[in-house]
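Residue strings, one per chain:
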Amino acid sequence: MTAHTIKIGIPGAAGRMGRMLIREIDAALDLELVAASDRAGIDAIGKDSGLLAGTGSNGVIIGDDAAALAAADVIIDFTSPTASVAHAGIASSSNTALVVGTTGLTDEDEASLRAAADGIALVYCANTSVGVTLLGKLVEQVAAQLVDGWDIEILEAHHHHKVDAPSGTALALGEAAARGRGVKLDDVADMVRKGQTGARRTGDIGFAVLRGGDVTGEHSVIFYGDSERVEISHRATDRAIFARGALRAARFASGAGTGFYNMEDVLAG
Ligand code: NAD
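Residues numbered from 1 in each chain as written. Predicted model: local features only at pLDDT ≥ 70, side-chain atom pairs only at ≥ 80, totals over all residues. Heavy atoms only, no water.

Engineer: Which parts of the structure should I look at to understand unusual backbone geometry?
Structural biologist: With the exception of glycine, most residues fall at negative phi, and the peptide bonds are largely trans. Across the junction of A165 and P166, the peptide omega takes the value -10 degrees, indicating a cis bond. Examined against the element boundaries, P166 turns out to sit in the loop between β7 (151-158) and α6 (168-181). With phi around 60 degrees, N95 is a residue other than glycine that occupies positive phi space. On the basis of relative accessibility, which here comes to 59%, the residue N95 falls in the exposed class. Positive phi, close to 70 degrees, is recorded for S227, a residue that is not glycine. By the secondary structure assignment, S227 is in the loop between β10 (217-224) and β11 (229-236). Judged by relative accessible area, which is 76%, S227 ranks as exposed. (Helix = DSSP H or I, 4+ residues; strand = E, 2+ residues; numbered from the N terminus. Buried < 20%, exposed > 50% of the residue type's maximum accessible area, 1.4 Å probe, protein only.)

Engineer: Mind showing me how you'd approach a negative patch on the surface here?
Structural biologist: Together, D107, E108, E175, D186 and D187 line one region of the surface with negative charge. Mapped by element, the contributors of at least two residues to the negative patch are α4 (107-116) and α7 (185-188). Secondary-structure assignment places E175 in helix α6. (Patch = residues over 30% accessible without salt bridge, like charges linked within 9 Å, V, L, I, M, F, W, Y side chains within 5 Å. Areas by Shrake-Rupley, 256 points an atom, 1.4 Å probe, with all protein chains shown as cover. Salt bridge = Lys/Arg side-chain N within 4 Å of Asp/Glu carboxyl O. Lys, Arg positive; Asp, Glu negative; His and termini not counted. Charge placed at Lys NZ, Arg CZ, Asp CG, Glu CD.)

Engineer: It is not clear to me how the sheet that holds β11 should be interpreted in this structure. Could you clarify?
Structural biologist: The strands making up a sheet associate through backbone hydrogen bonding, with each pair oriented either parallel or antiparallel. Ordered by their spatial adjacency, five strands build an open sheet running β8-β9-β7-β10-β11, and the pairing between neighbours is mixed. For this open sheet the edge positions go to β8 (189-190) and β11, each flanked by a neighbour on one side alone. With eight bridges connecting them, β10 and β11 associate as antiparallel partners. Pairing of V221 across the sheet is with I232, part of β11. Sheet contacts for helix α5 (residues 130-145): β7, β10 and β11; angle to β11, the most-contacted strand, approximately 170 degrees. (Pairing = 2+ DSSP bridges. Contact = heavy atoms within 4.5 Å. Axes fitted to C-alpha atoms, helices over the stretch in contact; angles between N-to-C directions.)

Engineer: Just checking my understanding: could you explain the site of the ligand for this structure?
Structural biologist: M17, D38, T103, T128 and R239 are the nearest of the 21 residues found near the ligand. Between the ligand and R39, the relevant distance is 3.0 Å, taken from an oxygen atom to a side-chain nitrogen or oxygen of the residue. Between the ligand and the protein, one listed contact pairs a nitrogen atom with a backbone N or O atom of C125 at 3.2 Å. Burial of the ligand by the protein amounts to 79% of the accessible area it has alone, namely 860 Å². (Near = heavy atom within 4 Å. Polar contact = N/O pair within 3.5 Å; in protein donor to acceptor, adjacent residues only side chain to side chain.)

Engineer: Help me understand the environment of R23, please; the structure alone is not making it clear to me.
Structural biologist: Of note, R23 is situated in helix α1 (residues 16-27). R23 sits in the partly exposed class, given a relative accessible area of 32%. Residues R23 and G54 lie 31 residues apart in sequence; the distance between their C-alpha atoms is 7.3 Å. In contact with R23, other than residues within four places in its own chain, are A53 and T55.

Engineer: Help me out: how do you make sense of the packing of helix α3 (residues 81-94) against α4 in this one?
Structural biologist: In helix packing, the relevant descriptors are the interaxial angle and the interaxial distance, both defined with respect to the helix axes. Contact pair α3 / α4: the axes reach a minimum separation of 9 Å and the direction vectors enclose 15 degrees. By the angle class used here, α3 and α4 are roughly parallel. Considering only the axes of α3 and α4, their crossing is left-handed. On the side of α3, the interface is formed by P81, S84, V85, A88 and S92, while α4 contributes D109, S112, L113 and A116. Grouping the constituent residues of the contact of α3 with α4 by class yields five nonpolar, three polar and one charged. (Parallel < 35°, antiparallel > 145°, perpendicular 65-115°, else oblique. Left-handed = near helix turned anticlockwise from the far one by under 90°. Nonpolar A, V, L, I, M, F, W, Y, C, P; charged D, E, K, R; others polar.)

Engineer: I keep staring at the packing of α5 against α6 and nothing clicks. Help me out?
Structural biologist: Where α5 contacts α6, the two axes come as close as 7 Å, and the packing angle between them is 30 degrees. Here α6 runs roughly parallel to α5, going by the angle between their axes. Regarding α5 and α6, the two cross each other, and that crossing is right-handed. In this structure, α5 uses V132, L135, G136, V139, E140, A143 and A144 to contact α6, whose residues at the interface are T169, L173, A176, A177, R179, G180 and R181. Considering only residue class, the contact of α5 with α6 consists of eight nonpolar, three polar and three charged.

Engineer: What should I look at first to understand the sheet that holds strand β5 (residues 97-100) in this one?
Structural biologist: Strand order in this open sheet of seven strands is β3-β2-β1-β4-β5-β6-β12, and the pairing throughout is parallel. In this open sheet, the two edge strands, each paired with only one partner strand, are β3 (62-63) and β12 (259-261). Docked against the sheet, α3 engages β4 (74-77) and β5, running at close to 175 degrees with respect to β4.

Engineer: What am I meant to see in the pattern of salt bridges here?
Structural biologist: Here the idea is simple: oppositely charged side chains can pair when their charged atoms come close. Tallied over the full model, the rule gives 13 salt bridges. The partner of D151 in a salt bridge is R200, and the shortest N-O contact between them spans 3.4 Å. Within this pair, whereas D151 is found in strand β7, its partner R200 is found in the loop between β8 and β9 (205-211), the two being separated by 49 residues in sequence. Judged by its relative accessible area of 27%, D151 is partly exposed. Between D190 and R193 there is a salt bridge, with its nearest N and O atoms 3.2 Å apart. If you follow the salt bridges from partner to partner, you end up with D151, E153, D190, R193 and R200 in one network.

So yeah, pure geometry; function would need other evidence.
In structure tokens, the structure reads:
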């Protein structure tokens, strides 16, 4: 380990992203896993987190008390909305930086994260991929240019385990398109179409959702014009991109001042 090793705590250590993060931390020279936790009662509790993640034993046992995460410099949370809010409380009271990648948070959950960020550096991002972060910037620019006569539709596809819809990324892309148009997404979002929907309302941003198989994550923002179409797409083929982006966010958070940051701040930092 180098003198500048950043100590990382992973809640949800038995989850798909938790295990991926542990593998990526194992491969990083400047990061050290110091704590791993998960829900009480699951099989993974008491197991070596490295063995579970497939890196070989690392001596960090998965516990059911998230308070142990306070030993870290940065907690990286990919769990569930309720758990992320609880972990933000632990990070805040122990003065530990936090990266949250969990999706499906309510406005109230997000407000809790913002409140926690009064005292710590907190990065919250529904998609930690570098490519998707750039996609959002492109979508905002294109939406600002293609206005009259252009309809915006957002299509996303994910694996069959995913529990929230539309994906946090699709919603963030919708926000980016709405920003480009100078409107509020809540006023123009069309989330569900079924039966006699009537004609498409001018200015709406439509969402469509596919679920199946092992799709890591696919997003397209389609601008339909008269006799032409512009499509901006991102396809993730390996979840490692989200973990690597989250580690980049953790490095940023470990050196950042108090505040609520997103992935654009991380890439700019
Ligand atoms: P998963 O179900 O495989 O893992 C979630 C883990 O969190 C599990 O181990 C579960 O036991 C744990 N957990 C759930 N509730 C808990 C609680 N109350 N207390 C403690 N632990 C709890 O899910 P996943 O595929 O790893 O995804 C996790 C989250 O990350 C989801 O919200 C997903 O949408 C999001 N995600 C975000 C990105 C991104 O780029 N930001 C990428 C992939 C997934």
